[in-house]
Amino acid sequence: MKTFLLFFVLLTGNRPPIKTVVYLCDSTNPKKYHLKNDCRGLSRCTHHIIEITLEVAKKRKLELCKLEQ
Ligand SMILES: [Zn+2]
């Protein structure tokens, strides 16, 4: 795996892959993620707003907020 990663980095000109950051209300059981941290859906959040990558959001089976679809 490490060899593959190194090869990939060399191949793509040493640039780290671009990660899309999304926002999540860090409640006990979040189900949605948001593209903007000033989304109306997030303004209702009474917990902390955390940043995660889109990759992580998909892995956690989160769905895009309805206001941003
Ligand atoms: Zn939203």
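Residues numbered from 1 in each chain as written. Predicted model: local features only at pLDDT ≥ 70, side-chain atom pairs only at ≥ 80, totals over all residues.

### Considering the environment of Ile52
In this structure, Ile52 sits in strand S3 (residues 49-53). C-alpha separation for the pair Ile52 and Tyr33, spaced 19 residues apart in sequence, amounts to 9.0 Å. Not counting residues within four places of it along the chain, the set of residues in contact with Ile52 comprises Val22, Leu24 and Ala57. (Helix = DSSP H or I, 4+ residues; strand = E, 2+ residues; numbered from the N terminus. Contact = placed C-beta atoms within 7 Å.)

### Re the pairing of strand S1 (residues 21-25)
Within S1, four of the five residues are buried, which leaves the element mostly enclosed by the surrounding structure. Sheet topology note: the S1/S3 ladder contains five bridges and is antiparallel. In the sheet register, Tyr23 faces S3, and the bridge partner there is Glu51. (Buried ≥ 20, exposed ≤ 12 C-beta atoms within 10 Å, placed from the backbone. Pairing = 2+ DSSP bridges.)

### Concerning the nonpolar core
Most often, soluble globular proteins keep nonpolar side chains buried together rather than apart. Counting seven residues, the largest nonpolar core is built from Val22, Tyr23, Leu24, Cys25, Tyr33, Ala57 and Cys65. A per-element tally of this core places S1 first, with four residues. (Core = buried A, V, L, I, M, F, W, Y, C linked by C-beta atoms within 7 Å.)

### Here we look at the confidence of the model for the protein
Here the protein averages 85 in pLDDT, and 75% of its residues register 70 or above. Here helix H1 (residues 2-11) stands out as the least confident element of the protein, with mean pLDDT 61; strand S4 (residues 63-64) is the most confident, with 96. (pLDDT = per-residue confidence, 0-100.)

### As for the environment of Leu67
When you line up the elements, Leu67 lands in the segment after S4. Accessibility expressed as a C-beta count within 10 Å gives 13 for Leu67, which makes it partly exposed. In sequence terms Leu67 and Cys39 are 28 residues apart; their C-alpha atoms lie 7.9 Å from each other. With sequence-adjacent residues up to four places away left out, Leu67 is seen in contact with Cys39, Arg40 and Gly41.

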